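Architecture and fold: a report
Chain by chain, the residues:
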Amino acid sequence: DAGPHEMRTAALWGIRDRGMYLHDGSAGSIEEAIARHAGEASAVRARFATLAGHEQNQLVAFVKSR
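Everything in this summary refers to the structure shown in the same document.

Further remarks concern the overall build of the chain. Looking only at helices and strands, the chain features three helices and zero strands. In sequence order, the secondary structure elements of the chain are arranged as α-α-α. Here the chain holds 66 residues, and the buried ones make up 15% of them. Partitioning the intrachain contacts of the chain with sequence separation of at least 6 by distance along the chain shows that 31% fall at a separation of at least 24. Accessible surface, the chain: about 5100 Å² in total, of which carbon and sulfur atoms supply 55%.

As a further point, take the pattern of salt bridges. Scanning the entire structure with this criterion turns up one salt bridge. Of the charged contacts in the structure, one is a salt bridge between Glu32 and Arg36, with a shortest N-O distance of 3.6 Å.

When a protein is soluble and globular, its nonpolar side chains tend to lie buried together. Judged by nonpolar contacts, Ile15, Tyr21, Ala27, Ile30, Ala33, Phe48, Val60 and Val63 together constitute the single largest core of eight residues. Where this core is concerned, the elements lending two or more residues are α1 (30–35) and α3 (53–64). For Ala33, the residues in contact, after removing those within four places along its chain, are Tyr21, Leu22 and Ala27.

Turning to the environment of Arg16, a few remarks are in order. With respect to the helices and strands, Arg16 occurs in the segment before α1. Accessibility expressed as a relative area gives 49% for Arg16, which makes it partly exposed. As for Arg16 and Ala61, which are separated by 45 residues in sequence, their C-alpha atoms are 9.5 Å apart. In this structure, Arg16 is in contact with Lys64, Ser65 and Arg66, ignoring residues within four places of it in sequence.

Turning next to α3. The periodicity of an α-helix, 3.6 residues per turn, causes residues three or four positions apart to be oriented the same way. Look at α3: 16 Å from first C-alpha to last across 12 residues, which is about the 16 Å you get at 1.5 Å a residue. For α3, every residue scored as buried is listed here: Gln56, Val60 and Val63. Looking down the long axis of α3, one finds its buried residues gathered within 60° of arc, a one-sided arrangement. Exposed side of α3, more than 90 degrees from the buried face: His54, Asn57 and Gln58 are the residues found there. Elements in contact with the buried residues of α3: α1 and α2 (42–50).

Cut-offs applied
Residues numbered from 1 in each chain as written. Predicted model: local features only at pLDDT ≥ 70, side-chain atom pairs only at ≥ 80, totals over all residues. Heavy atoms only, no water. Helix = DSSP H or I, 4+ residues; strand = E, 2+ residues; numbered from the N terminus. Buried < 20%, exposed > 50% of the residue type's maximum accessible area, 1.4 Å probe, protein only. Contact = heavy atoms within 4.5 Å. Areas by Shrake-Rupley, 256 points an atom, 1.4 Å probe, with all protein chains shown as cover. Salt bridge = Lys/Arg side-chain N within 4 Å of Asp/Glu carboxyl O. Core = buried A, V, L, I, M, F, W, Y, C linked by side-chain atoms within 4.5 Å. Expected span 1.5 Å × (residues − 1). Arc of directions from axis to C-beta.

As structure tokens, then:
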């Protein structure tokens, strides 16, 4: 449950059927959604940025397969 100053992140299941990402649909790609995360997700964003390009592509392909 999210508190009044928090946002509950939706599950990734079915993400392949969505065209826009983030809670408000403002990110046009999974990569953009990852890059725009901050706060509690900063460490995950940083880890994604350290992956080689082909590893990032593999991760995005996996997410899109859900």
